[in-house]
Amino acid sequence: MATALARASRRLCAARPSPPGSAAAAAGRGVPGAAASSAASPDKAEREAPLTVRSECDGVRSIILNNPRKRNVLSLAMLRSLRNDLTDGLNNPALRVIIISAVGPVFSSGHDLSELTAEYGREHHTRVFETCTEVMRTIQRLPVPVMAKVDGLATAAGCQLVASCDLALASERSRFATPGVHVGLFCSTPGVALGRSVPKKVAMEMLLTGEPISASEALAHGLLSRVVPVERLDGEVERVAHSVCRLSRSVLALGKRAFLGQMSRDWDAAYALAQAAMLDNLQLPDGQEGIRAFVEKRTPQWELVPGPVHEGSGRGDGTRE
């Protein structure tokens, strides 16, 4: 596991410090920057390792789901850690793209069912689902593209996480499912993101049967943007991420917001929103810089500005309904 985590992070720098008291455990799991400790047992290291590991370099933020022993379940603690990693430091003007990946053969198995037993009560269950929804909606509202990098199985809320991302690249061996019906808990909230990514009949079959689909099927139906052999996954994700990094953050933020916003509207309203977005785009310094650079046959020099953060309701609010 330590080797896998180190391999997932090695191209990135400035790893986020581990939580207090977990440096030794993090070192045992290969977290960059953590001090090694021979005193920590493997079991203790498993318990103390951070649930997510964040690193950032050259405009790319990597967030790694880091609980392979529990199949990277989206427990309340994992969701809160992921939410923090997504939203922290968004005003950094160098940030251009966020990549979510995972350690182990399971990208994420979805909610932690042990937290959904009657003993926890409705109040706790409400917190779990509200936090999960907040994470998924946050991804939509961020001013930078969010990419899922999947090499393995993504089920239930894990599949929902993939569907919620702006881009999703996967290895050929990956699979996707919403199998909650098998344990008596229909995947209603995953169905929101899934039903906005794949055709209705495909979503219904996944939800009603719980049977997995292959990466090639997920690509054909629109859940994924690209599928490659496992040995090419790292390089392809890096290539796409760096392609985004060469572009204007303010233009990407406006474009993402407008595209997701118009998806919920009828044709007339969608064109009205998109037309307004084009006019707003022309008012951006980078909008004019890009046009001038094209006319002058030179490389554009984009402004280092963070752009809007956490756009809410209103025009281009990031919904996909």
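In this text the structure is predicted, and so the values were computed from the model without any measurement. (Residues numbered from 1 in each chain as written. Predicted model: local features only at pLDDT ≥ 70, side-chain atom pairs only at ≥ 80, totals over all residues. Heavy atoms only, no water.)

Chemist: So what exactly am I meant to see when it comes to the overall build of the protein here?
Modeler: Across its full length, the protein carries 13 helices and 10 strands. In the protein, which comprises 321 residues, the proportion classed as buried is 48%. Considering only residue pairs separated by 6 or more positions, the protein has 70% of its internal contacts joining residues 24 or more positions apart. Just so you have it, the protein exposes about 15400 Å², and 56% of that area is on carbon and sulfur atoms. (Helix = DSSP H or I, 4+ residues; strand = E, 2+ residues; numbered from the N terminus. Buried < 20%, exposed > 50% of the residue type's maximum accessible area, 1.4 Å probe, protein only. Contact = heavy atoms within 4.5 Å. Areas by Shrake-Rupley, 256 points an atom, 1.4 Å probe, with all protein chains shown as cover.)

Chemist: Got a minute to help me understand the sheet that holds strand S3 (residues 97-102) in this structure?
Modeler: Pairing between sheet strands relies on hydrogen bonds along the backbone, with the strands arranged either parallel or antiparallel. One open sheet holds the six strands; their spatial order is S1-S2-S3-S5-S7-S10, and the pairing between them is mixed. Both edges of this open sheet fall to strand S1 (52-57) and strand S10 (226-228), since each of them pairs with a single strand only. Ignoring strand direction, the axes of neighbouring strands in this sheet form an average angle of 20 degrees. As paired elements, S1 and strand S2 (residues 60-65) share six bridges and run antiparallel to each other. (Pairing = 2+ DSSP bridges. Axes fitted to C-alpha atoms, helices over the stretch in contact; angles between N-to-C directions.)

Chemist: How should the packing of aromatic side chains be read in this particular structure?
Modeler: The geometry of an aromatic ring pair comes down to the distance between the two centres and the angle between the two planes. As enumerated under the stated definition, the model contains one aromatic pair in all. When the ring of Trp267 is compared with that of Tyr271, the centres are 6.2 Å apart and the planes differ by 55 degrees; the resulting orientation is tilted. Residue Trp267 and its partner Tyr271 are both found in helix H12 (residues 267-283); the two are separated by four residues, about one turn of the helix. For the pair Trp267 and Tyr271, one class covers both residues: exposed. (Phe/Tyr/Trp six-rings, centres within 6.5 Å; stacked < 30°, edge-to-face > 60°.)

Chemist: Looking at this structure, I do not really get the side chain of Glu115. What am I missing?
Modeler: Along the chain, the position of Glu115 falls in the loop between strand S4 (106-108) and helix H5 (121-141). Put simply, Glu115 is tucked away with no salt bridge, and the nearest opposite charge, on Lys70, sits 6.9 Å away. When residues no more than four places from it in sequence are discounted, the contact partners of Glu115 are Ser75, Leu76, Tyr120, His124, His125 and Val128. (Lys, Arg positive; Asp, Glu negative; His and termini not counted. Salt bridge = Lys/Arg side-chain N within 4 Å of Asp/Glu carboxyl O.)

Chemist: Is there a simple way to think about the nonpolar core in this case?
Modeler: Note on soluble globular proteins: their nonpolar side chains tend to be buried together. Residues Leu86, Ile100, Val162 and Phe176 are the most contacted members of the largest nonpolar core, which totals 45 residues. Ranked by residue count, the leading element in this core is helix H6 (residues 157-164), at five residues. With near-sequence residues (within four places) excluded, Val162 lies in contact with Phe107, Ala148, Val150, Ala154, Ala168, Phe176, Leu223 and Leu224. Membership of the second largest hydrophobic core comes to 12 residues, among which are Val60, Leu169, Leu233 and Val240. (Core = buried A, V, L, I, M, F, W, Y, C linked by side-chain atoms within 4.5 Å.)

Chemist: Help me understand the pairing of S1, please; the structure alone is not making it clear to me.
Modeler: A regular strand places its side chains so that they alternate between the two faces of the sheet. Across the six residues that make up S1, a large majority, six, are buried. Burial of the side chains of S1 extends over both faces: Thr52, Arg54 and Glu56 are buried on one face and Val53, Ser55 and Cys57 on the other. Between S1 and S2, which pair antiparallel in sequence order, lie two residues; one of them, Asp58, sits at a positive phi of approximately 55 degrees.

Chemist: Would you take a moment to explain the sheet that holds strand S6 (residues 153-155) for this structure?
Modeler: Spatially, four strands are ordered S4-S6-S8-S9 in an open sheet, and the strand pairing comes out mixed. Edge positions in the sheet fall to S4 and strand S9 (213-214), since each of these pairs with one other strand and no more. Pairing between S6 and strand S8 (residues 175-177): three bridges, direction parallel. The residue bridging Ala154 from the neighbouring strand is Phe176, located in S8. Here H6 sits on the sheet in contact with S4, S6 and S8, set at roughly 100 degrees to S6.

Chemist: Can you walk me through unusual backbone geometry in this structure?
Modeler: For residues other than glycine, phi is negative in most cases, and the peptide bonds are mostly trans. One non-glycine residue with positive phi stands out, namely Asn72, at about 50 degrees. Phi at Ala156 is positive, roughly 50 degrees, even though this residue is not glycine. If you trace the backbone, Ala156 turns up in the loop between S6 and H6.

Chemist: In this structure, what is going on with H5? I would like to understand it.
Modeler: The first and last C-alpha atoms of H5 sit 30 Å apart over 21 residues, in line with the 30 Å expected at 1.5 Å per residue. Along H5, the residues classified as buried are His124, His125, Val128, Thr131, Cys132, Val135, Met136, Arg137, Thr138, Ile139 and Gln140. Turning to H5, the residues buried within the fold contact helix H4 (76-87), S3, strand S5 (146-150), H6 and helix H11 (249-262). (Expected span 1.5 Å × (residues − 1).)

Chemist: Quick question: what am I supposed to make of the confidence of the model for the protein here?
Modeler: Keep in mind that low pLDDT regions are not for reading the predicted coordinates in detail. Put simply, the protein has an average pLDDT of 86, and 80% of its residues get 70 or more. A low-confidence stretch, residues 14-42 (pLDDT under 50), is modelled with 50 contacts involving residues beyond four sequence positions or located in other chains. Scored below 50 in pLDDT, residues 309-321 makes 51 contacts in the model with residues more than four places away or belonging to other chains. (pLDDT = per-residue confidence, 0-100.)

Chemist: Just checking my understanding: could you explain the pattern of salt bridges for this structure?
Modeler: In the structure shown here, the tally under the stated rule is 14 salt bridges. A salt bridge links Lys70 to Asp112; the shortest N-O distance between them is 3.1 Å. Taken as a pair, Lys70 in the loop between S2 and H4 and Asp112 in the loop between S4 and H5 lie far apart in primary sequence, 42 residues in all. Within this structure, Glu289, Arg292, Glu296 and Arg298 form a network of salt bridges that share partners.

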